[in-house]
Amino acid sequence: QVGLVESGGGLVQPGESLRLSCAASGFTFSAYTMSWYRQAPGNERELVAAISSPDGTTNYADSVKGRFTISRDNDKETVYLQMNSLKPEDTAVYYCKGKMTIAGRDYGLDYWGKGTLVTVSS
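It should be emphasised that the depicted structure is a prediction, and the values quoted were computed from it without experimental measurement.

Caption draft 1: Structural context of the overall build of the protein chain. Along the backbone of the protein chain there are zero helices and 11 strands. Walking the protein chain from its N terminus toward its C terminus, one meets helices and strands in the order β-β-β-β-β-β-β-β-β-β-β. Projected onto the principal axes, the alpha-carbon positions of the protein chain cover approximately 45 × 30 × 30 Å. Within the protein chain, buried positions represent 42% of all 122 residues. Looking at the protein chain as shown, the accessible area adds up to about 6,500 Å², and 47% of this sits on carbon and sulfur atoms. Of the side chains in the protein chain, 12 bear a positive and 13 a negative charge, and the two mean positions are spaced by 1 Å.

Written as structure tokens, this is what we have:
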């Protein structure tokens, strides 16, 4: 079955760290640009970070730049989001997204996970 499953969310205090994982199945993971999005109450879903295929170029939202790091392991077919120096404003449901981008081309094929909740509060 084709799918993306996020894990690693939870409750942490401000300033602490958390690592999210997204495991892929049913498609050629290495051919997909992978991204993390998040959606907080009252806000629209926003792009947090992305890592491209095949070159591994990364980009980040200004709000997380310098604190979050996206990475991927094609052998494990998993993408990660390392989140450091977490702030209450980072509280949101985090979603994993895969987009087919063979040789840098966008084929318009997207897959979404169901999300994992991150809560930053003291």
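Caption draft 2: Focus on the side chain of R38. Here R38 lies in strand 4 (residues 32-39). Judged by relative accessible area, which is 6%, R38 ranks as buried. Side-chain polar atoms of R38 contact the side chain of E46, separated by 2.8 Å. Looking at R38, its side chain comes within polar contact range of the side chain of Y94, at 2.9 Å. Once residues lying within four places of it in the same chain are set aside, the contact partners of R38 are E44, R45, E46, V48, S63, V64, F68, E89, D90, A92, V93 and Y94.

Caption draft 3: Seen up close, the state of the cysteines. Evaluated as defined, the whole model comprises one disulfide. Bridging C22 to C96, the disulfide has an S-S length of 2.1 Å. Taking the sign of the S-S torsion, -85° for the link of C22 and C96, the bridge is left-handed. Taken together, the positions of C22 in strand 3 (residues 18-25) and C96 in strand 9 (residues 92-100) put the pair 74 residues apart, joining distant regions of the chain. Under the relative-accessibility criterion, C96 is labelled buried at 0%.

Reading guide: rules and limits
- Residues numbered from 1 in each chain as written.
- Predicted model: local features only at pLDDT ≥ 70, side-chain atom pairs only at ≥ 80, totals over all residues.
- Heavy atoms only, no water.
- Helix = DSSP H or I, 4+ residues; strand = E, 2+ residues; numbered from the N terminus.
- Buried < 20%, exposed > 50% of the residue type's maximum accessible area, 1.4 Å probe, protein only.
- Areas by Shrake-Rupley, 256 points an atom, 1.4 Å probe, with all protein chains shown as cover.
- Lys, Arg positive; Asp, Glu negative; His and termini not counted.
- Charge placed at Lys NZ, Arg CZ, Asp CG, Glu CD.
- Polar contact = N/O pair within 3.5 Å; in protein donor to acceptor, adjacent residues only side chain to side chain.
- Contact = heavy atoms within 4.5 Å.
- Disulfide = S-S within 2.5 Å.

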